[in-house]
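Read off the chains here:
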Amino acid sequence: MRTPTRMHPHPPAADPNPYNELARLADPEPDHGYGEPDHPYGERDPLGLGLTSDDADEGDWSPPNHRGSSRFGALPFLAKLTLGVVVCALVFTLADRVAVAYAQDQAESKLQDALHLATPPDVKIKGFPFLTQLADRRIDEVEVAVPDVSADRVSLAEVRATAKDVRIEGDLPSSIKGAVVGRANGEVLLSFDDLNRELGASQVTFTPEAGGNNAIQVHGGLPVAGKDVRVQAQAHIRRDGDQAISTTVDDMRLDVPGLFTYRPGKDRAHSGLRLHREAARKIGEEAAKAKAMLAVPAVVDRIGVPPSRVHQALRSEKELHRLTGTPQFAQRLMKVNLVDVVAENPWLLEKLGIDQGLVEAVLDLRPPELSDRLSLSFRLPKSTDGLALRNVTVDSKGIRAELAGTGLHLG
């Protein structure tokens, strides 16, 4: 029997969007766990394959370590070793330099006390490493610069020395008694600037002679009898023993401007008291002064004028002018050494208008006294026993001498 077809009174309306129809025909969406989990085989085996998670028995969950191991731990062993050596070397170098600075400071203080210096010297310890030298109590090389060392009348502008093979005496580090220098070489300088400043009370300056024969030109002024007497001389420098330099002053000349020149010494041809051209010319132009000169037989003999002509000049103004008014008379008068003449005829100076006290004061300046006032001699301090001066020279800056020594004790 045919079953009648069931009729729907209202068939479903067609969806205007065909994609919705396709979505209804698709398989259901899998469960992503937004709701309650449905594990028919259990949470430890959600797939039903008989498998379990490796960390099923472990404790609470913790986030993974994405940073990995440390960078230093990732370095190769050789790189770690190299880095360690570099760090150790830097630390050792820093400690070595700190020790050098401390040792230099202590050495400067010791030298200042030993040499009685106003300012500490500059000490530089050479060689690396210093700590190994210190442990051995022997320093390879030390450079020392000492300024303004007192040396008798003057001060040495600079003393430089290089000491080698220095042996330290005493217990390190606090009980150092001193040191023994195996070898030392250096140089001392006596500066012209310092000489001109220290001996400036006499207004004398020192300059090197152009000839380069270790000679020094001395020029300046000396106060004599209330007058400024100009002085010129030549100082020769030489070594005197191992620790001193001496000076020989010669070719000395004292000038009273406009009046006369005095050259002390025993050489009659070059020494003596002689008039300047200006003074000789004035004597020839003034009748009274000319007659006073011609009245002295010693003067007449020295100027080489015949006695008969001198006799006529003394009796006639015309003949006097004819004799003394020529340039030749002034030249002859300038050659006359007035030392003996003045000594025998002291009244002559007054007649010539020359201060007798000034002449006598100048004549009383003896060469030894003048040499001592112009001397550049000096001696090294006694505390530098063991050092010797060598090869003294003169240059544009001053007097130089080499230093050399062995077995020098310090402290």
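Per chain, residues are indexed from 1 in the order of the written sequence. Where totals are concerned, whole chains, interfaces and linings use all residues; where local detail is concerned, this predicted model gives features only for residues with pLDDT of at least 70, and gives and counts side-chain atom pairs only at 80 or more. Remark: hydrogens and water are excluded; side-chain values derive from all non-hydrogen atoms of the structure.

**Here's the deal with the overall build of the protein chain**
Looking only at helices and strands, the protein chain features 15 helices and 13 strands. We call a residue buried when its accessible area falls under 20% of the maximum for its residue type, exposed when it is over 50%, and partly exposed in between, using a 1.4 Å probe and counting protein chains only. Across the 411 residues in the protein chain, those meeting the buried criterion constitute 34%. In the protein chain, the share of contacts with a sequence separation of at least 24, taken over all contacts with a separation of at least 6, comes to 52%. For the protein chain, the computed accessible surface area is about 26,500 Å², with 53% contributed by carbon and sulfur atoms. Each helix is a run of H or I in the DSSP string that is no shorter than four residues. Each strand is a run of E no shorter than two, and both are numbered from the N terminus. The contact rule is simple, with two residues in contact once any of their heavy atoms fall within 4.5 Å. Throughout, the Shrake-Rupley method with a 1.4 Å probe supplies accessible areas, and for residues the shown protein chains are the sole cover considered.

**Concerning a negative patch on the surface**
To count toward a patch, a residue needs a relative accessible area over 30% and no salt bridge; like charges are then connected within 9 Å, while nonpolar side chains (Val, Leu, Ile, Met, Phe, Trp, Tyr) are connected within 5 Å. Throughout this description, the term salt bridge denotes a Lys or Arg side-chain nitrogen within 4 Å of a carboxyl oxygen of Asp or Glu. Charge convention: Lys and Arg are scored as positive, Asp and Glu as negative, and His as well as the terminal groups of each chain are ignored. Think of each charge as sitting on NZ of Lys, CZ of Arg, CG of Asp or CD of Glu. On the surface, a cluster of negative charge is made up of Asp355, Glu360, Asp364, Glu369 and Asp372. With respect to the helices and strands, the residue aspartate 355 is situated in the loop between helix H13 (347–352) and helix H14 (356–363). What makes aspartate 355 partly exposed here is its relative accessible area of 40%.

**Regarding a nonpolar patch on the surface**
A contiguous nonpolar patch, built from Phe77, Leu78, Leu81 and Val85 and spanning about 460 Å² of accessible area, is present on the exposed surface. Given the relative accessible area of 60%, leucine 78 is considered exposed.

**Observations concerning the confidence of the model for the protein chain**
You can read pLDDT as the predictor saying how much it trusts each residue, on a scale of 0 to 100. On average, residues of the protein chain score 77 in pLDDT, and 76% of them reach the 70 mark or higher. The weakest mean pLDDT in the protein chain belongs to helix H1 (residues 18–25) at 58; the strongest belongs to strand E9 (residues 260–263) at 91.

**Here's the deal with helix H11 (residues 327–334)**
Taken together, the buried positions of H11 are occupied by Phe329, Ala330 and Leu333. Each buried residue of H11 sits inside an arc of 100° when the element is viewed along its axis, so together they form one side. Along its buried surface, H11 packs onto strand E10 (272–275), helix H6 (277–285), helix H7 (287–294), helix H8 (297–303) and helix H10 (317–324). Think of the arc as the fan of directions from the helix axis to the C-beta atoms.

**Structural notes on the nonpolar core**
In terms of nonpolar packing, the biggest core is built from 93 residues, with Ile216, Leu254, Leu333 and Ile399 touching the most fellow members. Element by element, the count of residues in this core is highest for strand E3 (residues 154–171), at 6 residues. Ignoring anything within four residues of it in the chain, the contact list for leucine 254 reads Leu222, Val229, Arg230, Val231, Phe260, Thr261, Tyr262, Val362, Leu365 and Leu370. What makes a nonpolar core is a set of buried Ala, Val, Leu, Ile, Met, Phe, Trp, Tyr and Cys residues whose side-chain atoms join them at distances within 4.5 Å.

**A look at unusual backbone geometry**
Between phenylalanine 128 and proline 129 the backbone carries a cis peptide bond, its omega angle lying at 0°. Of note in this structure, aspartate 251 is not a glycine but carries a positive phi near 50°. Among the structural elements, aspartate 251 can be located in strand E8 (residues 244–256). Its identity is not glycine, yet asparagine 391 carries a phi of approximately 50°, on the positive side. Within the secondary structure layout, asparagine 391 lies in strand E12 (residues 387–394).

**Here we look at H10**
Helical geometry note: an α-helix holds 3.6 residues per turn, so side chains three or four residues apart project in the same direction. Where H10 is concerned, the buried positions are Leu320, Leu323 and Thr324. The arc that holds the buried residues of H10, viewed along the axis, is 80°, so those residues lie on one side. In H10, those exposed residues whose orientation departs by more than 90 degrees from the buried face are Lys318 and His321. At its buried positions, H10 is contacted by H6, H7, helix H9 (307–315) and H11. In protein, a polar contact requires one atom able to donate a hydrogen and another able to accept it; more generally it is a pair of N or O atoms within 3.5 Å, and residues adjacent in sequence count only if both atoms are side-chain atoms. Structurally, the start of H10 carries an N-cap: the backbone nitrogen of lysine 318 is 3.3 Å from a side-chain oxygen of serine 316.

**With respect to the environment of glycine 186**
For glycine 186, the position within the fold is in strand E4 (residues 175–191). Among the residues examined, glycine 186 registers a relative accessible area of 25% and is labelled partly exposed. Put simply, glycine 186 and threonine 162 are 24 residues apart on the chain and 6.0 Å apart in space, counted from C-alpha to C-alpha. Ignoring sequence-local partners within four residues, the contact set of glycine 186 consists of Arg160, Ala161, Ala401, Glu402 and Leu403.

**Regarding the pattern of salt bridges**
Counted by the stated rule, this structure contains 14 salt bridges. When the shortest N-O distance is used, the salt bridge between arginine 281 and glutamate 285 registers 3.1 Å. Of the two residues, arginine 281 and glutamate 285 both sit in helix H6, 4 residues apart, roughly one turn of that helix. Given the relative accessible area of 40%, arginine 281 is considered partly exposed. Notably, a salt bridge pairs arginine 322 with glutamate 319, separated by 3.3 Å at the nearest N-O pair. Within this pair, arginine 322 and its partner glutamate 319 are both found in helix H10, separated by 3 residues, close to a single helical turn. Through salt bridges with shared partners, a single ionic network connects Glu187, Asp395 and Arg400.

**Here we look at the side chain of arginine 400**
In this fold, arginine 400 is placed in strand E13 (residues 398–410). A relative accessible area of 17% places arginine 400 in the buried class. In this structure the side chain of arginine 400 is engaged in a polar contact, spanning 3.0 Å, whose partner is the side chain of glutamate 187.

**Comments concerning the environment of isoleucine 245**
On the secondary structure map, isoleucine 245 appears in strand E8. Given a relative accessible area of 1%, isoleucine 245 falls into the buried group. The spatial distance from the C-alpha of isoleucine 245 to the C-alpha of arginine 379 is 6.4 Å, given a sequence separation of 134 residues.

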